[in-house]
Amino acid sequence: MRTISTLVLFMLVVLTRAQNPAQMLQAEWQFSRAGQNDWHDAAVPGTVHTDLLACKKIPDPFSGTNETAVQWVENQDWEYRGTFQVTPALLANQHVDVRFEGLDTYANVYLNDSLVLKADNMFRSWTIEARPFLKAGKNQFRIVFESAVKKGKALAATLSYTLPGDEKVFTRKAQYQYGWDFAPRLVTCGIWKPIYIQGWNDAKIEDACVVQKQIDTAIVNFDVQVHIYCTTPGNYQLNIFNNETKALIHQAQHALKTGENVISIPHSIRHPALWNCNEQGSAKIYAFELSLLHNNKQIDKQDVKSGFRKIELVQDTDSAGRTFYFKINGKAVFMKGANYIPPDVFLPRVSPGDYEQIVESAANAHMNMLRVWGGGVYADEAFLDACDKKGILVWHDFMFACAMYPGDTAFVNNVKQEVKEQVIRLRKHPCMALWCGNNEVSEGWYNWGWQKQYAYSKSDSARIMKDYTQLFQNLIPETIQSCAPEMPYWPSSPEIGWGHKESLKQGDSHYWGVWWGHEPFETYGKKVGRFMTEYGFQSAPGMETLKWCCGDSMVYRTSPCIQAHQKHPAGFETINEYLERDLFVPTKFTDYLYATQWLQAWGIGNAIKTHRRSAPYCMGTLFWQLNDCWPVTSWSASDYYKRPKYMYYAAKRAFEPVLLSGFVKNNHYCLSFSNDKDESYTGALTYSLKTMDGKVIWSYTDMCVMLAHETHTLSLFRADSLTGHDPSEVYVSVEFTSGKFQASCIDFLVPPKNLKLKEPHVVIKPVQGGFSVSVSNLALGIELPQACNPYFCKPLEDNFFDLQPGQTRLVHVDSKYVPGPGEIKTRSLYDIFQNEKMHRQQK
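Residues numbered from 1 in each chain as written. Predicted model: local features only at pLDDT ≥ 70, side-chain atom pairs only at ≥ 80, totals over all residues. Heavy atoms only, no water.

Undergrad: Requested: an account of the packing of aromatic side chains, with residues and values cited.
TA: Under the counting rule described, the total for this entry stands at 62 aromatic pairs. Here the aromatic rings of F324 and W490 are separated by 4.9 Å at their centres, their planes lie at 70°, and the arrangement is edge-to-face. Highlighted residues: F324 in the loop between β24 (311-316) and β25 (325-328) and W490 in strand β31 (residues 489-490), separated in sequence by 166 residues. By relative accessible area, F324 is classed as buried at 1%. Assessed through its relative accessible area of 6%, W490 is described here as buried. Counting every residue linked through ring pairs, the aromatic cluster contains W498, Y511, W512, W515, F521, Y524, Y535, F537, Y578, W598, W602 and W635. One cation-aromatic arrangement involves R349 over F62; the distance from NZ or CZ to the ring centre is 5.1 Å. Positioned over the ring face of Y617 is R530, at 4.1 Å from the centre of the ring. (Phe/Tyr/Trp six-rings, centres within 6.5 Å; stacked < 30°, edge-to-face > 60°. Helix = DSSP H or I, 4+ residues; strand = E, 2+ residues; numbered from the N terminus. Buried < 20%, exposed > 50% of the residue type's maximum accessible area, 1.4 Å probe, protein only. Lys NZ or Arg CZ within 6 Å of the ring centre and 35° of its normal.)

Structural data, given as structure tokens:
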């Protein structure tokens, strides 16, 4: 059986108005606990927690153990009031719309004391016709936010059974704010996105999108939706300009009726430059302007940006099960990336620049896909714009995760509007690759023992599954079909839970045998699925991050603050179990932090390499997780302050377009070539056995071919044929050279805890644009402190790297700061070994 979902072109739309552009509402805002009349200045966009913090009514929830001290906030109702001025010119318009981009979550909105809106969904925008309630001069919005916790509990009490997920599943609100195994419980509320006001007359363009019908001759149909009221039906002129060439590419009169009109304008672009994902070509964006005129007067316009490409999700039956891979512009592409979570608990604090930096860091690490996880929020426009620009494909979950959800009419209708709005919004971005119904809801139902835990009767179970089917197999896919029929849809990630062998033969896989199942890292070599959507391991953030949130006096392993910033119930115990197995548990806390990051990078880096060398059986690997939402010990590759951990650099190296990766199988040392490039290479492969000081024990050179978009493996030598040499004192060095192109890797033949490392004698010298690093003995995980780069948003391009004797690593640093001799202190795995050895000797 062959099933292919084809997603062709969508693009970004940025709204501008010719005569009456939408303006952000300029108001003076205050807030108070509802009914208390204790008013303080408020920020909009913002949240009640950040407003309380600003007026010093609560301590910083991210600092120390303060999370516990602010739990009272979630059980209160809060009131906001904003005063603003309205001019007679604005009121002269036929219509004045006010659009609330985001209200979190249960909000009663009053305009000049008239109730104009009852909102109940954080993920929706809300537009009101405000003109009947406005007056010239001073006006006031008053918004009362009811406690989402209390509302959720009240709704839960209406059911005769308990749904997994407790009260949060009844609220259309960011689930992670209720607490997760990487997030604090800070159930906030507020006006979390901007408010816009706009006056308009006659007609306005509600939406515009470009739908590509075929890719060879690029015939593009512009579907422009125009909404016009009954006072002005008639002939309207629509002009379309190419913004790059300034050419008028369409001009025609269209008869519009009262109400909603859909105009389809066919246009051909011959041999366009295609939009490609990162490192597969340029991510070309085309720009157009749509202009609507009536009686030769421009009444509205929109700018439309589009990227032409074709994406396919291919699921073919094969001898092993069923494939799961993406084709971009007709070419199968291995997906490399990570899971992305909201970058803050308090989202209004995240700037467009923050989103751009996150996406840029992914692109710089050779990623081509990010998965927007279903327990957070729908992707921000700035994030999507950055993905469009950088060629980062987006796998996007709908906002449902790890729970079961109600199926009453009000909830379902609310979700339907949410889904419709988000699909219409996101369909305009060429980065969009797939919609997924939820995160781990199906797996939870079938594998996590909920039926027994909640003592469901047969009728309870039948009702819950009926509601699941209604939502994820009917309502959501039907809504997608009506709004973006070309968009692939996947009901639940993963398709099958990791405890079942079928999960590795079809669909996507979340493999948590490592960590949750306490299986060794070597299991990654045996448990490879068709598309690895989740897997991961925790590490602690760096000392700078922990000092900020805990203070110098509270930075030790058992401190209440360190424990409060670890949200997995057995997190440190699990980390220590793996440290004991593969390394050791360092006594010194700074060494412990380093060791957790080294272990995470080693384990997950090897998992990525395994997935890549398993192509084309496996065609995607997205580790958990890219980023953090607060300072915490978690699975992230970069911490809350965007400081990269060792894991980030390990992933960056494992995602290189051309990868050499060694491994031992059946007592043979094997080497895998993974080439994601369009170019093939013929060159010399040299593999050597060396001592820790770089002396060559033996070396062989063979000619080999590395084919474009191919993965193949060679068996080089027997791993037990090291007669006369202690395997803990040697390592394998592999180099491939083809003209100016080079690739290399090193491997060791014993567990890392058994390595007999020598002092590397790291030498750092300043050079133009940065510094050079060299060693006398093999160094593993050389850490250069992030402080050597004073720009918080520009981390070192390279760090935590291995280095052989005789090699020099050049590290580029911002031109404003080139370190002098002795200014940078480093450490490596050797130092961690030595510190522990000295501690145990002293003890």
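Undergrad: An account of the environment of S688 is requested, with residue identities and associated values reported.
TA: Relative to the helices and strands, S688 is located in strand β37 (residues 681-691). When its relative accessible area of 6% is taken as the criterion, S688 is described as buried. S688 sits 45 residues away from S733 along the chain, and the two C-alpha atoms are 5.2 Å apart. Not counting residues within four places of it along the chain, the set of residues in contact with S688 comprises V696, W698, S699, Y731, V732 and S733. Engagement of the side chain of S688 in a polar contact is seen with the side chain of S699, the distance being 2.9 Å. (Contact = heavy atoms within 4.5 Å. Polar contact = N/O pair within 3.5 Å; in protein donor to acceptor, adjacent residues only side chain to side chain.)

Undergrad: Hey, could you go over the nonpolar core for me, with residue numbers and the actual values?
TA: Residues F100, L103, F326, F383 and F623 are the most contacted members of the largest nonpolar core, which totals 214 residues. If near-sequence neighbours (up to four positions away) are discounted, F326 is found in contact with I311, E312, L313, K331, A332, V333, M335, M369, W395, A433, L434 and F531. Counting residues in each nonpolar core, the second largest holds 23 residues, with W698, L716, F736 and A743 among its members. (Core = buried A, V, L, I, M, F, W, Y, C linked by side-chain atoms within 4.5 Å.)

Undergrad: Describe in detail the environment of T545, supporting the description with residues and values.
TA: One can find T545 in helix α11 (residues 543-550). Separated by 86 residues in the primary sequence, T545 and P631 have C-alpha atoms spaced 6.7 Å apart. Not counting the four nearest positions on each side in its chain, T545 is found in contact with P631, D639, Y641 and R643. Side chain to side chain, T545 and R643 meet in a polar contact 2.8 Å long.

Undergrad: Could you give an account of the packing of helix α7 (residues 409-426) against helix α10 (residues 458-483), naming the residues involved and the relevant values?
TA: For the pair α7 and α10, interaxial distance at closest approach is 9 Å and the crossing angle is 40°. Between α7 and α10, the angle is such that the two are oblique. Crossing geometry of α7 relative to α10 is assigned as right-handed. For the pair α7 and α10, contact is made by F411, V412, V415, K416, V419, K420, V423 and I424 and by Q470, L471, L475, I476, T479, I480 and C483, respectively. By residue class, the composition of the contact of α7 with α10 is 11 nonpolar, two polar and two charged. (Axes fitted to C-alpha atoms, helices over the stretch in contact; angles between N-to-C directions. Parallel < 35°, antiparallel > 145°, perpendicular 65-115°, else oblique. Left-handed = near helix turned anticlockwise from the far one by under 90°. Nonpolar A, V, L, I, M, F, W, Y, C, P; charged D, E, K, R; others polar.)

Undergrad: Got a sec to walk through the sheet that holds strand β42 (residues 763-767)? Specific residues and values, please.
TA: Taken together, three strands build an open sheet; the order of strands is β42-β43-β46 and the sheet is antiparallel. Whereas interior strands pair on both sides, the edge strands pair on one side only; in this sheet they are β42 and β46 (808-812). The mean angle between the axes of side-by-side strands here comes to 25°, regardless of whether they run parallel or antiparallel. (Pairing = 2+ DSSP bridges.)

Undergrad: So what's going on with the side chain of R425? Which residues, and what values?
TA: The residue R425 is located in helix α7 in this model. A polar atom in the side chain of R425 sits 2.8 Å from the backbone oxygen of A379. With sequence-adjacent residues up to four places away left out, R425 is seen in contact with Y378, A379, D380, E381 and L384.

Undergrad: If you had to explain α7 to someone new, which residues and values would you point to?
TA: In this model, α7 (18 residues) spans 26 Å end to end at C-alpha, consistent with the 26 Å of a helix rising 1.5 Å per residue. By the burial criterion, the buried members of α7 are F411, V412, N414, V415, E418, V419, Q422, V423, R425 and L426. For α7, the buried positions fall inside an angular range of 160° around the axis, keeping them on one side. Opposite the packed face of α7, turned more than 90 degrees from it, sit the exposed residues T409 and A410. Those residues of α7 that are buried are in contact with β10 (114-120), α6 (381-390), β29 (393-397), β30 (432-436) and α10. (Expected span 1.5 Å × (residues − 1). Arc of directions from axis to C-beta.)

Limitation: the analysis is restricted to geometry and does not speak to function.
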